[in-house]
Amino acid sequence: MIEARGLSKRYGSTVAVDGLSFDVRPGMVTGFLGPNGSGKSTTMRLILGLDAPDAGQARIGGRRYRELRWPLREVGALLEAKAFHPGRSARAHLTALAASNDIPRSRVEEVLGIVGLADAARRRGGKFSLGMAQRLGIAAALLGDPGVLLLDEPVNGLDPEGIRWIRTLLGSLAAQGRTVLVSSHLIGEIARTADHVVVIGRGRLLADTSVAELSARSASLEEAFFELTSGSADYRGTLDSKGRTS
Amino acid sequence: MTTTAVSRGRYRFSHVARMEWIKLRSLRSTWWVLAVTVAGAVGIAVAVGVNTKDAAADLTNNALAGISLGLLLIGVLGVLVMTGEYSSGMIRATLAAIPDRPLVLAAKAAVFGAVALAVGEAAAFIAFFAGGAALPGGIPGPALGQPGVLRAVMLGGAGFCLVGLIGLGLGAIIRHTPAAIAVLVGGVYVLAQFVAVLTHSLMAYLPIAIVANSLTVVKPMAEDQGVFLSPWAGLGMLCLYAAVTLGIGGWLLARRDA
């Protein structure tokens, strides 16, 4: 269970997150949707205590992130692809993280197998493709077998096989009773993967509802998303009805 | 829930130190820098030894001249231990694993400091013996049993470690590799040239002067009397620099967004 309460964060004069409150419940996949720059990544950083909110707070299982006793065994996060040193092997990267939370070495080999990187474990991360880097990031998130997972754009750079794999993985993690929050700008992917959606725009909450309910508001989840966010997209190309840029 | 029950207890310094040790040893650059440092210190000691003509000179200090070259390298390595995390994004993985940020920096300092001290002492002792052995016939080499010699060699290695820690602290404060290296090189080397021209008294407080003219000195030159710090005062000054940079770095690390 993740609880965000009145989260606000500004960077200089830019308001990234603005009084955001929502819950992420266990046992289902919750999609985190919003246009580019709507504050999804910032919200995840606030939940993980990487950035400090200007107001409000986030709790995981009733506690703030910094209060967790073994953070990686309670929360697994994928924030950005390539959040590892390019000169270090995949195995060394995971071994170092495992040591910090007293996770057994055998678990490193296990997660390397789960994400399909067993054969690349000795290679330096800097040589990885974006898809392999994502897999390494997911391996790190799974390392502590955590009950809560936060994944920011996990399908970025994955091939179709990888996208299907992560869809299955997320579903099975949720079925095991875990709390799964996954952001994506691929609405079709969220429509297939998620049970619940939290939609934000310009840092504010626009919807917190089931995928079925939101889809039913319009022709599709995608249409419903565009109607919801029409007033809050910061970066949108302009096309007229004939598809020409105006 | 099928997740395994989270065991009792909480992450401690020893866990963080183990993570930092694995990180440090799993980068090739660590071993390259350390190897070049030792080789450079020994190479310069031999070169200086071979060309020695004055038996009355401070031969121990001469043999340790190469330590100064290594200071820059270990300082840069110290910077990279911190800034490498920022340039790669690894810092967010590190701080998500260990949210206690001062503990992270303390563990980095302990692990990196221990490695730098071990390598610094090794470089100092090997350079001392190699430099002594390279002296021309007729000039007796210094011995560790002579007054002040063991102190000079050991403090040379310690100075190496402390400059590395200053680099680590600067890395934590500045976070960007080129800027932190510029400040390190500026503070340790370039500034020294200017200050030496302007005023001799300030010169005594520069890290490179402390290592070269305080820590590793056995026989102070007559004109340096009263100008440079004594070996122990120099060591104290370097410790103070390392403590201040690491203290500020830790303070900022705990307060800034990652």
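None of the values given here were measured: they were computed from a predicted structure. (Residues numbered from 1 in each chain as written. Chains lettered and ligands numbered in written order. Predicted model: local features only at pLDDT ≥ 70, side-chain atom pairs only at ≥ 80, totals over all residues.)

A. View of the overall build of chain B. When you go through chain B residue by residue, the secondary structure sums to 11 helices and 0 strands. Along chain B, helices and strands appear, N-terminal first, in the series α-α-α-α-α-α-α-α-α-α-α. For chain B, the C-alpha radius of gyration of 20 Å lies close to 18 Å, the compact-globule estimate for 258 residues. When the backbone C-alpha atoms are referred to their principal axes, chain B occupies close to 80 × 35 × 30 Å. Of all 258 residues assigned to chain B, the portion counted as buried reaches 48%. (Helix = DSSP H or I, 4+ residues; strand = E, 2+ residues; numbered from the N terminus. Rg over C-alpha atoms; globule rule 2.2 N^0.38 Å. Buried ≥ 20, exposed ≤ 12 C-beta atoms within 10 Å, placed from the backbone.)

B. Focus on the interface of chain B and chain A. The interface of chain B with chain A comprises 31 residues on the first partner and 39 residues on the second. Of all elements in the fold, only α1 (13-25), α2 (28-50), α4 (67-88) and α5 (90-97) of chain B reach the threshold of two or more residues within the side of chain B that touches chain A. Considering only residue class, the side of chain B that touches chain A consists of 15 nonpolar, 10 polar and 6 charged. (Contact = placed C-beta atoms within 7 Å. Nonpolar A, V, L, I, M, F, W, Y, C, P; charged D, E, K, R; others polar.)

C. Main features of the sheet that holds strand β8 (residues 196-201) of chain A. Residue and element names in this part refer to chain A. Taken in spatial order, the 6 strands of this open sheet run β5-β6-β7-β3-β8-β9, and their pairing is mixed. Each edge of the open sheet carries a strand with a single partner, namely β5 (75-78) and β9 (204-210). Ignoring which end each strand starts from, the neighbouring axes of this sheet average 15° apart. Bridge count for strand β3 (residues 28-33) against β8 is 4 bridges, and the pairing is parallel. Across the sheet, the residue bridging to F32 is V198, located in β8. (Pairing = 2+ DSSP bridges. Axes fitted to C-alpha atoms, helices over the stretch in contact; angles between N-to-C directions.)

D. Looking closely at the sheet that holds strand β2 (residues 14-24) of chain A. Residue and element names in this part refer to chain A. Strand order in the open sheet made by the 3 strands is β2-β1-β4, with antiparallel pairing throughout. Only two strands of the sheet have a single neighbouring strand rather than two, namely β2 and β4 (55-60). For this sheet, the mean inter-axis angle between neighbouring strands, taken without regard to orientation, is 20°. Summarising the sheet, strand β1 (residues 2-11) and β4 pair through 5 bridges and their orientation is antiparallel. In the sheet register, E3 faces β4, and the bridge partner there is R59.

E. Spatial organisation of the packing of α4 of chain B against helix α10 (residues 207-215) of chain B. Residue and element names in this part refer to chain B. Where α4 meets α10, the closest approach of the two axes is 10 Å, and the angle between their N-to-C directions is 150°. Between α4 and α10, the crossing angle belongs to the class labelled roughly antiparallel. Classified by chirality, the crossing of α10 by α4 is right-handed. Across the interface between the two elements, I67, S68 and L71 of α4 pack against I208, V211 and A212 of α10. Of the residues that constitute the contact of α4 with α10, the class distribution is 5 nonpolar, 1 polar and no charged. (Parallel < 35°, antiparallel > 145°, perpendicular 65-115°, else oblique. Left-handed = near helix turned anticlockwise from the far one by under 90°.)

F. Summary view of the nonpolar core. In this structure, L94, L97, A139 and L143 of chain A together with A127 of chain B are the most contacted members of the largest nonpolar core, which totals 157 residues. Among the elements that take part in this core, helix α7 (residues 149-174) of chain B stands out by supplying 16 residues, more than any other. When sequence neighbours within four positions are dropped, the list of residues in contact with L97 of chain A reads L72, A140 and L143 of chain A together with M19, A93 and A97 of chain B. (Core = buried A, V, L, I, M, F, W, Y, C linked by C-beta atoms within 7 Å.)

G. Molecular detail of the packing of α10 of chain B against helix α11 (residues 231-255) of chain B. Residues and elements named next belong to chain B. The contact between α10 and α11 brings their axes to 9 Å, and the two run at 155°. The angle between the axes of α10 and α11 places the two elements in the roughly antiparallel class. Taken as a pair, α10 and α11 cross one another with a handedness that is left-handed. Seen from α10, the contacting residues are P207, I210, S214 and L215; seen from α11, they are P231, A233, G234, L235, M237, L238 and Y241.

H. How the structure looks around helix α3 (residues 90-100) of chain A. In terms of burial, α3 of chain A is largely enclosed, as 11 of its 11 residues are buried. Each element contacted by the buried residues of α3 of chain A is listed here: α2 (71-74), α4 (105-114) and α5 (130-142) of chain A together with α1 and α5 of chain B. Directly beyond the C-terminal end of α3 of chain A, a positive phi value near 55° is found at D102 of chain A.

I. Representation of the environment of L72 of chain B in the model. Residues and elements named next belong to chain B. The topology assignment puts L72 in helix α4. Considering only alpha carbons, one finds L72 and A158, 86 residues apart in sequence, at a separation of 14 Å. The residues contacting L72, other than those within four sequence positions of it, are V185, V188 and Y189.

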